[in-house]
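Summary of the model geometry
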Protein chains: 2
Amino acid sequence: MEKTFLKKIIAQLTYIERRTSQRIMHDSTPAIWQTTRRQLTADCRIFQVYTEHCTQPIDGREGDFFFLECPDWVQVLALTPQQEILLVRQFRFGTKRLSLEIPGGILDPDETPIEAAIRELREETGYAGSDPQILMTIYPNPAIMNNRLFTVLISRCHPVGEQKLDPNEEIACSKIPVQQIWQRIRNGDIDHGVALDALLFLKLYIEDHPETFEIHTAEPK
Amino acid sequence: MEKTFLKKIIAQLTYIERRTSQRIMHDSTPAIWQTTRRQLTADCRIFQVYTEHCTQPIDGREGDFFFLECPDWVQVLALTPQQEILLVRQFRFGTKRLSLEIPGGILDPDETPIEAAIRELREETGYAGSDPQILMTIYPNPAIMNNRLFTVLISRCHPVGEQKLDPNEEIACSKIPVQQIWQRIRNGDIDHGVALDALLFLKLYIEDHPETFEIHTAEPK
C-alpha cells in the first residue's frame, strides 16, 4: 500500500523532471492513459464512434477523446505467375472519387486474415492463388482507430470465375507487372494510404527474395 | 434533351453488358455516385461523422453511407545532416498503446502543408531544417475519410529549442540512421499506417537520389 504510494511519488517526480528537462532527444516512455468511462456516440454500421474519458495515470491529466471501433481489415498482394500484381479500381464514398487499390476488405466474424484474404480476392477479382502468407500487420490509424490491417501475399494467382460483388460494389480489375508499380506510385496514380503500405511491404519482400522475382520477366497479357 | 436521354440509355446498356459480361479483368470505369442528401451524425472535434444518401447515376442504385469529414494532415520526414531520421513515440488513443511514428499532425486553417510540416516538426521535436518539399499527397482512408495527407521532406534538421507540446501530448523523440529504418519496419517496430506510407516515399526518393544518401555514412550521436 505504502510502497505503491511511494512508487507513485517517484513516478510523478521522474515525470516532472522529464517534462522540465532541457534534453530534447530523450527516448523516454510516454505514459499509457487509462480509459475511465466510454459511451457510444454513433453506430455507423462498419464502425462505431465512442467518446472515452481517459486519465494520465502519473500526473492525473484527464480528457475526452473520440475514437472509432472498427473490425480488422485485410488487403491482398495478389501476384500472377508472370509476377504481375492485381489492382482494383472503385468509387470511394469518403473521397468521392475513383481509387486505384489492391483487393481487400473487412474480416468477417471468426474469419482468419488468410481466409478473409482468399475470400476478398475471389469476390473482387474472380482470381485465386496459392501459398497465402501474412507479410505484415499494422494499425491503419492509431490516433482514432483501434483496428489492425493484415497484408496477405498470395502467389500464382489465376482466374477461377466471376466476380462476386456486394450490391453497391462496382470494381474494375487490372494487372500490371510488379516492376512497373513503383513508377505508378511516383506518378501519383496510386494514392490510397493502406494500399501503399502493402506495396512498401512488397518492396521489402522483393529485396529479401530477389531470386523469386529476377527469374520472371513481365509478360503483359 | 433527347440526346441526353439517348446517352443515358446507351450508358445503361453498357453498364448492364459490363455487369453480365464474362470478362473478369476488364479495366472499365466504375460510376461516380452522387450525394443527394447528407446529415451530421456526430461532431467529434477533430472530425465530423456524416450520413450521406448517395445514388448511382446510371442504374439508379441508392444507399446511405457514413463518412468522416477530416481536415488535411501532414507528416514530416525530417533528416539530419548525417542522414538520420527523426522518430516520435507517443500514446495513441485509438489503439491504446505507444506508437513509433514520424512527426505530423493536422493542418491549421489557412496553413499550407509546408508551413504545417515546419510547425509540427518544431513543436514535436524541437528541431528545424531546410529545403522543405512535398514528396507525395495521398488519401489516408478513401473509403470513409475525405481528407488528404501531405508528406513533407525536411533536410539538414538540427535542434533549435524545446518541444512545444499540447496539454495532452507526451512525445518521446529519437533518431536513427535512415539505412536502419527498413529493418525496424521488417521487425514490426513501426506499424503506423500513414507513417509507413511516408517511409515508402522516402525509399523511392532515396532510389531516385542515391548521390544524396551514399555520401553520408551514419554517425549515431
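Just so we're clear, the structure is a prediction, and the values are computed from it rather than from any experiment.

1. What to know about the interface of chain A and chain B
Interface size is commonly expressed as the accessible area that is lost once the parts come together. Taken together, the contact pairs 89 residues of chain A with 89 residues of chain B. Connecting chain A to chain B are 10 salt bridges. Ionic pairing is found between E52 of chain B and K96 of chain A, a salt bridge with its closest N-O pair at 2.7 Å. Put simply, chain A and chain B have 29 residue pairs in polar contact (both at pLDDT 80 or more) between them.

2. Side note on the sheet that holds strand β7 (residues 104-106) of chain A
Residue and element names in this part refer to chain A. If you trace the four strands from one edge of the open sheet to the other, you get β7-β4-β9-β8, paired in mixed fashion. Taken across any chain shown, the strands that pair with only one partner, and hence form the sheet edges, are β7 and β8 (127-138). Along the sheet, successive strands turn relative to each other by an average axial angle of 25°, direction set aside. With three bridges connecting them, strand β4 (residues 73-78) and β7 associate as antiparallel partners. When the sheet's bridge partners are listed, V74 is paired in β7 with G105. Contacts between helix α2 (residues 113-125) and the sheet are confined to β4, β7, β8 and β9 (149-159), with β8 contributing the most and set at about 130° to the helix.

3. Section: helix α2 (residues 113-125) of chain B
All names here are of chain B. Here α2 is 13 residues long and its end C-alpha atoms lie 18 Å apart, about the 18 Å a rise of 1.5 Å per residue gives. Among the 13 residues of α2, 10 are classified as buried, and the element is accordingly described as predominantly covered. Regarding α2, the residues found buried are P113, A116, A117, R119, E120, L121, R122, E123, E124 and T125. Where α2 is buried, its residues meet β4 (73-78), β5 (84-92), β7 (104-106), β8 (127-138), β9 (149-159) and β10 (172-177). One or two residues past the end of α2 sits G126, with phi positive at roughly 75°.

4. Re the environment of A42 of chain A
One can find A42 of chain A in strand β1 (residues 34-43). Taking the C-alpha atoms as reference points, A42 of chain A and Y139 of chain A, separated by 97 residues in sequence, lie 22 Å from one another. For A42 of chain A, the contacting residues outside a window of four places in its chain are F47, Q48 and V49 of chain A together with T41 and A42 of chain B.

5. Focus on the pairing of strand β6 (residues 97-101) of chain B
All names here are of chain B. Bridge count for β5 against β6 is five bridges, and the pairing is antiparallel. Its bridge partner being in β6, V88 is matched across the sheet by E101. Hairpin connection from β5 to β6: four residues lie between these consecutive antiparallel strands, with K96 at a positive phi of about 60°.

Scoring rules and cut-offs
- Residues numbered from 1 in each chain as written.
- Chains lettered and ligands numbered in written order.
- Predicted model: local features only at pLDDT ≥ 70, side-chain atom pairs only at ≥ 80, totals over all residues.
- Heavy atoms only, no water.
- Contact = heavy atoms within 4.5 Å.
- Salt bridge = Lys/Arg side-chain N within 4 Å of Asp/Glu carboxyl O.
- Polar contact = N/O pair within 3.5 Å; in protein donor to acceptor, adjacent residues only side chain to side chain.
- Pairing = 2+ DSSP bridges.
- Helix = DSSP H or I, 4+ residues; strand = E, 2+ residues; numbered from the N terminus.
- Axes fitted to C-alpha atoms, helices over the stretch in contact; angles between N-to-C directions.
- Expected span 1.5 Å × (residues − 1).
- Buried < 20%, exposed > 50% of the residue type's maximum accessible area, 1.4 Å probe, protein only.

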